[in-house]
Amino acid sequence: MPDTFFLEETHMSFSQMLLPEFDQEMKNTRRILEAVPDGKFDYKPHPHSMTMGRLATHLAELPGWTIAAVDQDVLEMGPDYKPVIANSRAELLEMFDKNVTEARKRIEGASDEHWQKNWQFKFGGQVVLSMPRAGVMRGVVMNHMIHHRAQLGVFLRLNDVPIPGMYGPSYDDKPAAPPKV
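1. Observations regarding the packing of helix H1 (residues 14-34) against helix H4 (residues 89-109)
Thought 1: Running from N to C, H1 and H4 cross one another at 180 degrees; their axes reach a closest spacing of 11 Å. By the criterion of interaxial angle, the relationship of H1 to H4 is roughly antiparallel. Facing H1, whose interface residues are Ser 15, Leu 18, Leu 19, Phe 22, Asp 23, Met 26, Thr 29, Arg 30, Leu 33 and Glu 34, H4 presents Arg 89, Leu 92, Leu 93, Phe 96, Asp 97, Val 100, Ala 103, Arg 104, Ile 107 and Glu 108.
Thought 2: Classifying every residue of the contact of H1 with H4 by side-chain character gives eleven nonpolar, two polar and seven charged.

Here it is, written out as structure tokens:
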């Protein structure tokens, strides 16, 4: 096959390429948030760990970072920042769904030129992160979410909560073995 086959003009924007992955990862994240039991929000597997409620809330918040990355040039937080912590699974899912809806609108509306513009995160006046918005979307939103989703899976497993499969069935999704006769 000639090399020109691969050089055809089929430009997809960054947003067009990102949306299918975004949708899949949001679906997966919602599935694990649906598994968070209401009575375990204070669970903490280690003194240095977040509580399950804080970790799950952080997952519900992360799509909202898309809004900040697209709408603002700089996101600044101070040492007095107090994270929001949901009080129930219903509150988690409501927060998550709202953030996903708004994030998706921002992705759809952002041009390639806009994704290439630099974005900064500052904490206490110090630059913690400075990179193009596309990198923020991939690293700070998507990869960060997948990382914390895995942590939440461990928290759930330690509490004997079935883990939904993310990229195929999980152990808990498998059908029960037939009884021995």
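2. Re the pattern of salt bridges
Side chains that differ in charge, positive against negative, can pair when their charged atoms come close.
Thought 1: On inspection of all chains with the given rule, the structure shows twelve salt bridges.
Thought 2: Of the charged contacts in the structure, one is a salt bridge between Asp 97 and Arg 30, with a shortest N-O distance of 2.8 Å. One end of the pair, Asp 97, is in helix H4; the other, Arg 30, is in helix H1, and 67 residues separate them in sequence.
Thought 3: Its relative accessible area of 28% is what places Asp 97 among the partly exposed residues.
Thought 4: Here Arg 54 and Glu 61 are joined by a salt bridge, their closest N and O atoms 3.2 Å apart.
Thought 5: Among the residues examined, Arg 54 registers a relative accessible area of 12% and is labelled buried.
Thought 6: Where salt bridges share partners, they join Asp 71, Glu 102, Lys 105 and Arg 106 into one cluster.

3. Here's the deal with the layout of surface pockets
Thought 1: For the largest pocket, the calculated volume is near 210 Å³.
Thought 2: Looking at the lining of the largest pocket, the elements with two or more residues in it are helix H3 (64-71), strand E1 (74-77) and H4.
Thought 3: Here the residues of the lining of the largest pocket sort into seven nonpolar, three polar and one charged.

4. Structural notes on H4
Thought 1: With 21 residues, H4 extends 30 Å between its outermost C-alpha atoms, agreeing within 8% with the 30 Å of an ideal straight helix rising 1.5 Å per residue.
Thought 2: Within H4, burial applies to Leu 92, Leu 93, Met 95, Phe 96, Asn 99, Val 100, Ala 103 and Ile 107. Summarising the axial view, the buried residues of H4 lie within an arc of 160 degrees, below the 170-degree limit, and thus occupy one face. Residues of H4 that are exposed and angled more than 90 degrees away from the buried face: Ala 90, Glu 94, Lys 98 and Gly 109.
Thought 3: Looking at the buried positions of H4, the neighbouring elements they touch are H1, helix H2 (52-61), H3, helix H5 (112-116) and helix H6 (133-158).

5. Regarding a nonpolar patch on the surface
Thought 1: Taken together, Tyr 81, Phe 123 and Val 128 make up a surface patch of nonpolar side chains, about 270 Å² in accessible area.
Thought 2: Here Tyr 81 is to be found in the loop between E1 and H4.

6. Digging into the sheet that holds strand E2 (residues 118-123)
Thought 1: Strand order in the open sheet made by the three strands is E1-E2-E3, with mixed pairing throughout. In this open sheet, the two strands that pair with only one neighbour each are E1 and strand E3 (126-132). With strand direction ignored, the average angle separating the axes of adjacent strands in the sheet is 10 degrees.
Thought 2: Here E2 runs beside E3; their pairing, made up of six bridges, is antiparallel. Bridge pairing in E3 links Phe 123 to Gln 126.

What counts, and at which threshold
- Sequence order as written defines the numbering, with residues in each chain counted from 1.
- pLDDT decides what is reported in this predicted model: residues at 70 or higher carry local features, side-chain atom pairs at 80 or more are listed and counted, and totals for whole chains, interfaces and linings draw on all residues regardless.
- Hydrogens are left out, water is left out, and the side-chain values use all remaining heavy atoms of the structure.
- Helix axes are fitted to C-alpha atoms over the stretch in contact, other axes to C-alpha atoms as well, and angles between N-to-C directions run from 0 to 180 degrees.
- A run of DSSP states H or I qualifies as a helix once it reaches four residues; a run of E qualifies as a strand once it reaches two. Both are numbered from the N-terminal end.
- Oblique is the label for any angle not covered by the other classes, which are roughly parallel (under 35 degrees), roughly antiparallel (over 145) and roughly perpendicular (65 to 115).
- Only heavy atoms matter for contacts: two residues are in contact if any of them lie within 4.5 Å across the pair.
- Each residue is assigned to one of three groups, with Ala, Val, Leu, Ile, Met, Phe, Trp, Tyr, Cys and Pro labelled nonpolar, Asp, Glu, Lys and Arg labelled charged, and all others, Gly among them, labelled polar.
- By definition, a salt bridge exists where a carboxyl oxygen of Asp or Glu is found within 4 Å of a side-chain nitrogen of Lys or Arg.
- When a residue's accessible area, from a 1.4 Å probe over protein chains only, is under 20% of the maximum for its type it is buried; when over 50% it is exposed; and in between it is partly exposed.
- Using a grid of 1 Å spacing that covers the protein atoms alone, one calls a set of points a cavity when a 1.4 Å probe fits there but cannot get out, and a pocket when the set is open and has protein on both sides within 12 Å along at least five of seven lines; lining residues are those with an atom within 4 Å of a point.
- Grid points are joined across faces, edges and corners, and a volume is the space filled by probe spheres set on the points.
- To estimate how far a helix should reach, multiply one less than its number of residues by 1.5 Å.
- In this description, one arc is meant: the one made by directions from the helix axis to the C-beta atoms.
- Residues enter patches when their relative accessible area tops 30% and they take part in no salt bridge; the joining distance is 9 Å for like charges and 5 Å for the nonpolar side chains Val, Leu, Ile, Met, Phe, Trp and Tyr.
- With residues, only the protein chains shown are counted as cover, and all accessible areas are computed by Shrake-Rupley using a 1.4 Å probe.
- What makes two strands pair is DSSP finding at least two bridges between them.

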